[in-house]
Amino acid sequence: MKHIVFYDAKCPFCFNVKRVMRKFDWCKQMKWVSIQEVEKKHGKYPYLEGRNTRDEIHMLTRQGELKAGFQTIRRLLILLPPFAFIGLLLYLPGMERIGSPLYKWFSNHRYQWFGQYDQPRYK
């Protein structure tokens, strides 16, 4: 089973992060699913109901853990060999205290900085 990563396909920044991470997913450990697809397939992803999927990247790990925001980013980085060291650094004590608010701030401003696609981008 792969890790399932839920991203916003209308967000240019999110789409490009997905594109880059897929290139470095050498072991093909991740499956990327847009939140727009999730919204069309009611009931297929019940663990996402009531979650803030438009504002935070989410990930269902192989182990069945649901991660969101900063926790997802650092987990993704550990899975990608070229970025694993950065991912490890993000697990140091105190990093979540800094990383989570920084992630939320960035996420809240991403449309202002990068715009938004009219139609979701998948490829």
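Bear in mind the structure is a predicted one, so any value in this text is a computation, not a measurement.

1. Focus: the layout of surface pockets
Turning to step 1, where the next piece is worked out: Considering only enclosed or pocket space, the largest pocket measures out at about 450 Å³ in volume.
Turning to step 2, where the next piece is worked out: F13, I57, I73, Y103 and F106 are the residues nearest the centre of the largest pocket, which is lined by 21 residues in total.
Turning to step 3, where the next piece is worked out: Elements supplying a minimum of two residues to the lining of the largest pocket: helix 1 (12-24), helix 3 (70-79) and helix 5 (95-114).
Turning to step 4, where the next piece is worked out: In terms of residue count, helix 5 provides more of the lining of the largest pocket than any other element does, six residues in total.
Turning to step 5, where the next piece is worked out: Residue composition of the lining of the largest pocket, grouped by class: twelve nonpolar, three polar and six charged.

2. Some points on the pairing of strand 2 (residues 30-34)
Turning to step 1, where the next piece is worked out: Among the five residues in strand 2, four count as buried, and that is most of the element.
Turning to step 2, where the next piece is worked out: Bridge count between strand 1 (residues 3-7) and strand 2: five bridges; the pairing is parallel. In the strand pairing of strand 2, V5 is matched with W32.
Turning to step 3, where the next piece is worked out: The β-α-β motif built from strand 1, the intervening helix 1 and the parallel element strand 2 has right-handed crossover chirality.

3. Notes on the nonpolar core
Turning to step 1, where the next piece is worked out: By size, the foremost hydrophobic cluster in this structure holds 15 residues, and its most contacted members are V5, M21, M30, W32, I57, M59 and L76.
Turning to step 2, where the next piece is worked out: Of all the secondary-structure elements, those providing two or more residues to this core are strand 1, strand 2 and helix 3.
Turning to step 3, where the next piece is worked out: The biggest single contributor to this core is helix 3, with four residues.
Turning to step 4, where the next piece is worked out: Once residues lying within four places of it in the same chain are set aside, the contact partners of M21 are W32, L76, L77 and L80.
Turning to step 5, where the next piece is worked out: Residues I4, V33, I35 and L60 belong to the second largest nonpolar core, which totals eight residues.

4. A short note on helix 5
Turning to step 1, where the next piece is worked out: Considering bend angle alone, the principal kink of helix 5 is centred on N108 and spans about 40°.
Turning to step 2, where the next piece is worked out: Burial in helix 5 covers these residues: G99, S100, Y103, S107 and R110.
Turning to step 3, where the next piece is worked out: Each element contacted by the buried residues of helix 5 is listed here: helix 1 and helix 3.
Turning to step 4, where the next piece is worked out: Two residues or fewer past helix 5, G115 is found with a positive phi of approximately 80°.

5. What to know about the UniProt feature "transmembrane region" (unreviewed entry) in the chain
Turning to step 1, where the next piece is worked out: The residues that UniProt annotates with the feature "transmembrane region" (unreviewed entry) are residues 76-94.
Turning to step 2, where the next piece is worked out: From the first C-alpha to the last, residues 76-94 spans 19 Å; its make-up is 53% helix and 0% strand.

6. Brief notes about the pairing of strand 1
Turning to step 1, where the next piece is worked out: Within strand 1, five of the five residues are buried, which leaves the element mostly enclosed by the surrounding structure.
Turning to step 2, where the next piece is worked out: Of the two faces of strand 1, the one holding H3, V5 and Y7 and the one holding I4 and F6 are both buried throughout.
Turning to step 3, where the next piece is worked out: Both strand 1 and strand 3 (residues 58-60) contribute to a ladder of three bridges, which runs antiparallel. When the sheet's bridge partners are listed, V5 is paired in strand 3 with M59.

What counts as what
- Residues numbered from 1 in each chain as written.
- Predicted model: local features only at pLDDT ≥ 70, side-chain atom pairs only at ≥ 80, totals over all residues.
- Heavy atoms only, no water.
- 1 Å grid on protein atoms, 1.4 Å probe; cavity = no way out; pocket = protein on both sides within 12 Å on 5 of 7 lines; lining within 4 Å.
- Points joined across faces, edges and corners; volume = space filled by probe spheres on them.
- Helix = DSSP H or I, 4+ residues; strand = E, 2+ residues; numbered from the N terminus.
- Nonpolar A, V, L, I, M, F, W, Y, C, P; charged D, E, K, R; others polar.
- Buried < 20%, exposed > 50% of the residue type's maximum accessible area, 1.4 Å probe, protein only.
- Pairing = 2+ DSSP bridges.
- Right-handed = clockwise from strand over helix to strand, strands pointing away.
- Core = buried A, V, L, I, M, F, W, Y, C linked by side-chain atoms within 4.5 Å.
- Contact = heavy atoms within 4.5 Å.
- Bend = angle between axes of the 7 residues up to and from the residue.
- UniProt positions renumbered as here; feature names shortened; annotations may be inferred.

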